Amino acid sequence: MAMRVAVISDIHANLPALDAVLADIDQCNADAIVVCGDLAWGPEPAATMDRLMNLPGPVYFVKGNADREVGERHGADQGLPEWIAEINEWCAAQLSAAQREFLNRLPRSVTLTVEGMGDVLFVHGSPRSDTDPIRRETPDEIIWPMLAGISQKTIACGHTHIQFDRMVGETRIINVGSVGLPSAARGACWALLGPDAALKETSYDYHAAADQIRRSGCPGANDFADHILHPPDEGP
Ligand SMILES: [Mn+2]
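So, here is what we can say about the structure in this document. It should be emphasised that the depicted structure is a prediction, and the values quoted were computed from it without experimental measurement.

**Description of the coordination of the manganese ion**
- All of the protein donors around the manganese ion are Asp38 (OD), Asn65 (OD1), His124 (NE2) and His159 (ND1); their distances to the metal are 2.1 to 2.4 Å.
- Written as a sequence motif, the donor residues of the manganese ion are D-x26-N-x58-H-x34-H. Pair noted here: Asp38 is in the loop between strand 2 (32-35) and helix 2 (45-53) and Asn65 is in helix 3 (residues 65-71), with a separation of 27 residues, a long-range link. As far as burial versus exposure is concerned, Asp38 and Asn65 are alike and both buried.

**Comments concerning the sheet that holds strand 2**
- Pairing within the open sheet is mixed, and its five strands lie in the order 3-2-1-9-10. The sheet terminates laterally at strand 3 (59-61) and strand 10 (197-202), the two strands that pair on one side only. In this sheet, neighbouring strand axes are inclined to one another by 25 degrees on average, regardless of whether the strands run parallel or antiparallel.
- Sheet topology note: the strand 9 (residues 188-193)/strand 10 ladder contains six bridges and is antiparallel. Pairing of Cys189 across the sheet is with Glu201, part of strand 10.

**Considerations on the environment of Asp140**
- With respect to the element layout, Asp140 can be found in helix 6 (residues 140-143).
- When its relative accessible area of 26% is taken as the criterion, Asp140 is described as partly exposed.
- When the C-alpha positions of Asp140 and Val5 are compared, they lie 27 Å apart, and in sequence the two are 135 residues distant.
- Beyond its immediate sequence surroundings of up to four residues, Asp140 is in contact with Arg166, Met167, Val168 and Gly169.
- Side chain to side chain, Asp140 and Arg166 meet in a polar contact 2.6 Å long.

**Overview of the sheet that holds strand 4 (residues 110-114)**
- The five strands lie next to each other as 4-5-6-8-7, forming an open sheet whose pairing is mixed. Here the strands that pair on one side only, and so sit at the sheet edges, are strand 4 and strand 7 (164-168). The average angle at which neighbouring strand axes cross in this sheet is 25 degrees, direction not considered.
- In this sheet, strand 8 (residues 171-175) lies alongside strand 7 in antiparallel orientation, the contact comprising five bridges. Bridging from a neighbouring strand, Met167 pairs with Arg172 of strand 8.

**Describing the layout of surface pockets**
- Roughly 460 Å³ of internal volume is contained in the largest pocket.
- Lining the largest pocket are 20 residues, with Trp41, Trp83, Ile84, Leu181 and Pro236 sitting closest to its centre.
- Residue assignment for the lining of the largest pocket shows that the elements contributing at least two residues are helix 3, helix 4 (82-94) and helix 8 (221-229).
- Broken down by element, the residue count for the lining of the largest pocket peaks at four residues, all from helix 4.
- For the lining of the largest pocket, the class distribution of residues is ten nonpolar, six polar and four charged.
- If you add up the space inside the second largest pocket, you get close to 240 Å³.
- Lining of the second largest pocket is provided by 13 residues; of these, Leu22, Ile25, Asp26, Ile33 and Pro56 occupy positions nearest its centre.
- Where the lining of the second largest pocket is concerned, the elements lending two or more residues are helix 1 (15-26) and strand 2.
- The greatest single-element share of the lining of the second largest pocket, amounting to three residues, is contributed by helix 1.

**A closer look at helix 2**
- Within helix 2, the full set of buried residues consists of Pro45, Thr48, Met49 and Leu52. Considered in projection along helix 2, the buried side chains sweep an arc of 95 degrees and stay on one side of the axis.

**Digging into empty space enclosed by the protein**
- Under the definition given, this model contains one cavity of 30 Å³ or more.
- Considering only enclosed or pocket space, the largest cavity measures out at about 30 Å³ in volume.
- Lining the largest cavity are Pro182, Ala185, Arg186, Tyr204, His227, Ile228 and Pro231.
- For the lining of the largest cavity, a count of residues per class yields five nonpolar, one polar and one charged.

Criteria and cut-off values
Residues numbered from 1 in each chain as written. Predicted model: local features only at pLDDT ≥ 70, side-chain atom pairs only at ≥ 80, totals over all residues. Heavy atoms only, no water. Donors = N, O, S within 2.8 Å, 3.2 Å for Na, K, Ca; no water. Helix = DSSP H or I, 4+ residues; strand = E, 2+ residues; numbered from the N terminus. Buried < 20%, exposed > 50% of the residue type's maximum accessible area, 1.4 Å probe, protein only. Pairing = 2+ DSSP bridges. Axes fitted to C-alpha atoms, helices over the stretch in contact; angles between N-to-C directions. Contact = heavy atoms within 4.5 Å. Polar contact = N/O pair within 3.5 Å; in protein donor to acceptor, adjacent residues only side chain to side chain. 1 Å grid on protein atoms, 1.4 Å probe; cavity = no way out; pocket = protein on both sides within 12 Å on 5 of 7 lines; lining within 4 Å. Points joined across faces, edges and corners; volume = space filled by probe spheres on them. Nonpolar A, V, L, I, M, F, W, Y, C, P; charged D, E, K, R; others polar. Arc of directions from axis to C-beta.

See below:
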């Protein structure tokens, strides 16, 4: 049955931003929520996972690169920058065994039939890889190989933290942006799909969120907080 779907991504353990978006979604009568990955890498991993794993109603999850790296405790010996590896290890240590197992078991993609849109493929980066960046300005010919072999006419993704809705050849690509670590936006970004696609931005108290983040104990907490207060123009 075709449905209306709220899509969130790149929460990055910003719990106040997630709670604000979930309150907005509550008002939309969506039939399901899809989470396109990068859940726990950030200042409040355990509380964020607890919230996400206990959401009522149908919720579908896709694994992001940060979920893979936190779940598998990737370190600098896997080629990651030291500061990312340090946050991976801290986040993994904050999570319960059940929460890490939940991350490790997430699928790389989900397909749902959305009202008015047909089959939509939900991924983190691209259908090819959870680290492929797709941006508004990425040239079509860079994206085409990322789409090889897919049958869906619409893709919803995240990973690059800036929203857009564009065509690449015959394929519609909707990047829902980032709930917790957005670039080029002050609010928490997400999208509502069906019967059309609406890009959404939920405003929340980012000053209070930044204070909460600074108290989290997460390595780099001040950098997370500064990002919330002064979102960069460019995504990661
Ligand atoms: Mn990512």
